[in-house]
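Results of the structural survey
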Amino acid sequence: MKKIIIVGAGIVGISAAYHLSNKTTEVVVIDRQEPGQATKAAAGIICPWASQRRNKAWYALASAGAAYYPELIRSLEEEGEMETGYKKVGALAIHADIERLQKKKKLVEERRITSPEIGDVRLVHAEQLAEHVPILAEEYHALWIAGGAKVEGDRLREAMERVASKRGVKIIHGSASPFVEEGTICGVVVSGELIRADEIILAAGAWAPEFIAPLGLNLLVKGQKAQLLHLQTDHHTSGEWPVIMPPSTQYIVPFQKGRFVAGATHEDIEDFAIQPTAGGILEILKHALPIAPDLYQAQVNEVRVGIRPHTPNFMPVLGQVPGFPSLWIANGLGSSGLTVGPLLGKILSQVVLDQPTEWDLESYKISQVIEAGH
């Protein structure tokens, strides 16, 4: 039986553990519970089809990640996990310029040919939009995308962890460092204890460079701070409302019983400080309140902060580390972490066992973000 260690229990690491747990493997997950873990902070919009990003490799992974969700949720529900944090509610891409939405509609309809899960796509004019979401400013029109969904990262992650643990995956809380013997990584050291394994998966997000630095390697992954504002209103039917995608990088996600999440910031940082800032909160409100004036009266419940990992070209990467074939890395998901993460974990579970994936991983190879250390 192959023994596999996974370092990092965010969405990618726990997905890999979940998918490996139904195979003939012994799996150990090690996580030091960083307070800035991106998955725990994130409230995700699963709707990549309206994205204007031109990178075809990114879009292929994001659209496949969105398409994988129904299968994943069914499998979790079959294991008794009914609280996954995922709900298909549709998405509204909003804009004051109806012509821009018409162009976006054409793009999404073209993509629906290969992604039927997009579902119904139609324009909603300003005078009708209040029927969908009554908090929006009057000047906005919208493109309705029926296949859009929302997911709470911490709830999904916890559901997969519970199933993986039930299947025998061992979860250890602590900080892991690589153990090298005769030039080969054959395990990790946690709190002075050596844990040996045949394969190691590094899914530690923005903290991954710290793990491979002792190997004389630099992983070109940096952290990007994301602040999200949790607001409370009296709109008790909001759990059924679609997610709202403005013409910026910000978003508004309605959740149950009048709760809304607005954000998120994209702050390039040199440290891993996770304290909320006045500037971050101001940036969120400057975007959210003109779009949804009704939120002026909302109660501020919480500010969550996560550190997203991103690569120099903002592309996810996956593969074996050159010179250390027993070490696998997946990283660089950035703001598409919840869209791509569960699928990437599944792909990891396949490649680490040398199983076919149906993916050409050349565009995502890890070697493009690794260099020799100084």
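Please refer to the structure placed before this passage.
Residues numbered from 1 in each chain as written. Predicted model: local features only at pLDDT ≥ 70, side-chain atom pairs only at ≥ 80, totals over all residues. Heavy atoms only, no water.

**Things to note about helix H4 (residues 98-112)**
Across its 15 residues, H4 extends 21 Å between first and last C-alpha, which sits within 8% of the 21 Å expected from 1.5 Å per residue. Looking only at H4, the buried set comprises Leu101, Lys104, Val108 and Arg111. Angularly, the buried residues of H4 cover 75° about the axis, an arc narrow enough to put them on a single face. What points out from H4, more than 90 degrees from its buried face, is the exposed set Glu99, Lys103 and Lys106. Contact partners of the buried residues in H4: helix H3 (56-78), strand S5 (91-95), strand S6 (121-124) and strand S7 (141-145). (Helix = DSSP H or I, 4+ residues; strand = E, 2+ residues; numbered from the N terminus. Expected span 1.5 Å × (residues − 1). Buried < 20%, exposed > 50% of the residue type's maximum accessible area, 1.4 Å probe, protein only. Arc of directions from axis to C-beta. Contact = heavy atoms within 4.5 Å.)

**Description of the packing of aromatic side chains**
Within the structure shown, the criterion is met by 4 aromatic pairs. Geometrically, the ring pair formed by Trp359 and Tyr364 is edge-to-face, given 6.3 Å between the ring centres and 70° between the ring planes. With a relative accessible area of 4%, Tyr364 lands in the buried category. The residue whose ring lies beneath Arg111 is Tyr59, and the NZ or CZ to ring-centre distance is 4.0 Å. Between Arg167 and the ring centre of Tyr18, over which it is positioned, the NZ or CZ distance is 4.9 Å. (Phe/Tyr/Trp six-rings, centres within 6.5 Å; stacked < 30°, edge-to-face > 60°. Lys NZ or Arg CZ within 6 Å of the ring centre and 35° of its normal.)

That's the geometry; what it means functionally is another story.
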